[in-house]
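A look at the structure
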Amino acid sequence: MSFNPADNIQDLQYFGEFGGVNPSISDSSTYTFLAAKSMIDTFEGNLEGCYLYSRHSSPSNLYLGEALAAMEGTEAANVSSSGMGSISSVLLQICSQGDHIVSSRTIYGGTYAFLKNFTPKFGIDTSFVDITDLDKVAAAIQKNTKILYIESISNPLLEVADIRALSKIAKENNLKLIVDNTFSPLQISPVILGADVVIHSLTKFINGTSDTVGGVICGSNQFIEDLKNVNDGASMLLGPVMDSLRAASVLKNLRTLHIRMKKHSENAMYLAQQFEKDGYKIIYPGLPSHPQHELYQSLYNEEYGYGGMLTLDAGSLEKADELMELMQERNLGYLAVSLGFYKTLFNAPGTATSSEIPIEEQEEMGLTSGLIRFSIGLDNHIERTYEDMKFCLESLKIMAHTNV
Ligand code: PLP
């Protein structure tokens, strides 16, 4: 493989101030200058290597940003205090009053709410489209469209975006292709496939310990510098800054991401295959029954697999709720939003993480009320987990709804 995101992370070498194997943490919000002139130059962006104020940048945040840029193959990256902090900064940096966005209709509920309810207050409107239909994407573009916004693997329906084809449409129409890659770190490298900017909620797989929220924007040097501009940069002025202590801890967790992703993928693949064999309605990009299975294979970095996310349709919300409660009781995972933890997490997105999307729109996109979204954990014996989950399904008389 010519581009290997995990190798790129490992090739970086950082030492601490006293030769520590981890870089020192910059435990300061502000920095001194020996010469007043250097402060002015730093403010104006004309002096490299000096720090001013931690909302602008800090050594710890730069280390983490550098590692994430290496992972995504971009020139630079800027970390932030949450995925939404990154998403809102990027959208507001690129769009001004009167601009238009074309967005995938199956995206994280918070992003959907931001585009549907928040940005219109500033005169920025969004058309939500089925991005698996390229003609519909092209047809939605207007003269004032600035952004094509997608998730590489969508939340919660696990639709796979044809990033190469969407990038072509974006380039032809002079749009920025912004990709939220939260569900598929290491597996998919959107910039290598033609995206302009990649965003992650670090809260999920990348940090992997469910102890913080965090986000990152990966892009060109120019774009990242623009975001941090003291006069008009969205990251600088909206202020969603990550704390240095947290950046240091996320960086340490990032070191094991490749091992975790392989195990998440292996476990999810096993469960998806078994439950599909049992006749349950499973959505998982690794199954040949997934509508974009072959497309995924043409996009992914193979060694990291098909990811840790899968969905199972329990038939109704009542059954989904009963199943999730029983699985939690039997210690198979937790009924919780979020994803990417060592433990399996599950929720019914129609009433939770996608509840911002109106019911009619949920139905139209195929988000059924009984759909359970699983973030499969790092279980050591997935065969044992499967047997126990099957016991839960059978004891609640949840019937199989075949894919075929
Ligand atoms: N993008 C995706 C795909 C998500 O699932 C989430 C959160 O669930 C976000 C962005 C927002 O990230 P955060 O919660 O870190 O703000």
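In this report, the structure presented in the accompanying data block is examined. (Residues numbered from 1 in each chain as written. Predicted model: local features only at pLDDT ≥ 70, side-chain atom pairs only at ≥ 80, totals over all residues. Heavy atoms only, no water.)

**A word on the packing of helix 11 (residues 257–277) against helix 15 (residues 382–395)**
Here is the rule: For helices, the fitted axis covers only the stretch in contact; all axes are lines through C-alpha atoms, and the angles between them, taken along N-to-C directions, range from 0 to 180 degrees. Secondary structure elements follow DSSP: runs of H or I no shorter than four residues count as helices, runs of E no shorter than two count as strands, and numbering proceeds from the N terminus. The cut-offs work like this: below 35 degrees is roughly parallel, past 145 is roughly antiparallel, 65 to 115 is roughly perpendicular, and the gaps in between are oblique. Handedness of a helix crossing follows the sense of rotation of the near helix relative to the far helix, less than a right angle counterclockwise being left-handed and clockwise being right-handed. Any two residues whose heavy atoms approach within 4.5 Å are treated as being in contact.
Contact pair helix 11 / helix 15: the axes reach a minimum separation of 10 Å and the direction vectors enclose 40 degrees. Judged on the interaxial angle alone, helix 15 and helix 11 are oblique. For the pair helix 11 and helix 15, the sense of crossing is right-handed. Where helix 11 abuts helix 15, its residues Asn267, Tyr270, Leu271, Gln274 and Phe275 lie against Ile382, Glu383, Tyr386, Met389, Lys390 and Leu393.

**Examining the site of the ligand**
The following threshold applies: Any residue with a non-hydrogen atom lying within 4 Å of a molecule or strand is treated as near it. In protein, a polar contact means a hydrogen-donor-capable atom and an acceptor-capable atom, both N or O and within 3.5 Å, with residues adjacent in sequence counting only if both atoms are side-chain atoms; elsewhere, any N or O pair within 3.5 Å suffices. The method behind every accessible area is Shrake-Rupley, applied with a 1.4 Å probe, and residues are considered shielded solely by the protein chains displayed. Residue type decides the class: Asp, Glu, Lys and Arg count as charged, Ala, Val, Leu, Ile, Met, Phe, Trp, Tyr, Cys and Pro as nonpolar, and the leftover types, Gly among them, as polar.
Of all residues adjacent to the ligand, which total 14 residues, the nearest are Met84, Asp180, Ser201, Thr203 and Lys204. Between Gly83 and the ligand, the recorded distance is 2.8 Å, taken from a backbone N or O atom to an oxygen atom. Side-chain polar atom of Thr203 to an oxygen atom of the ligand: 2.6 Å apart, as the coordinates give it. Contact with the protein chains removes 91% of the 380 Å² of surface that the ligand exposes when unbound. A total of 3 residues in the shell around the ligand trace back to one element, the largest contributor, which is helix 4 (residues 83–94). Partitioned by chemical class, the residues of the shell around the ligand number 4 nonpolar, 7 polar and 3 charged.

**Details of empty space enclosed by the protein**
In plain terms, the rule: Any residue with an atom within 4 Å of a point lines the site, the site being either a cavity, points on a 1 Å grid over the protein atoms alone where a 1.4 Å probe fits but cannot get out, or a pocket, an open set with protein on both sides within 12 Å along at least 5 of 7 lines. Grid points are joined across faces, edges and corners, and a volume is the space filled by probe spheres set on the points.
According to the stated counting rule, one finds 2 cavities of 30 Å³ or more in the structure shown. By volume, the largest cavity is sized at about 100 Å³. Taken together, 15 residues line the largest cavity, and the ones lying closest to its centre are Arg55, His56, Asn78, Val79 and Val241. Breaking the lining of the largest cavity down by element, the ones donating at least two residues are helix 3 (59–72) and strand 1 (76–80). The leading source of residues in the lining of the largest cavity is strand 1, at 3 residues. Partitioned by chemical class, the residues of the lining of the largest cavity number 5 nonpolar, 8 polar and 2 charged.

**Some remarks on the environment of Thr385**
Relative to the helices and strands, Thr385 resides in helix 15. Separated by 53 residues in the primary sequence, Thr385 and Leu332 have C-alpha atoms spaced 6.8 Å apart. Setting aside anything within four residues of it in sequence, one finds Thr385 in contact with Leu332 and Asp379. A distance of 2.8 Å separates a polar atom in the side chain of Thr385 from a polar atom in the side chain of Asp379.

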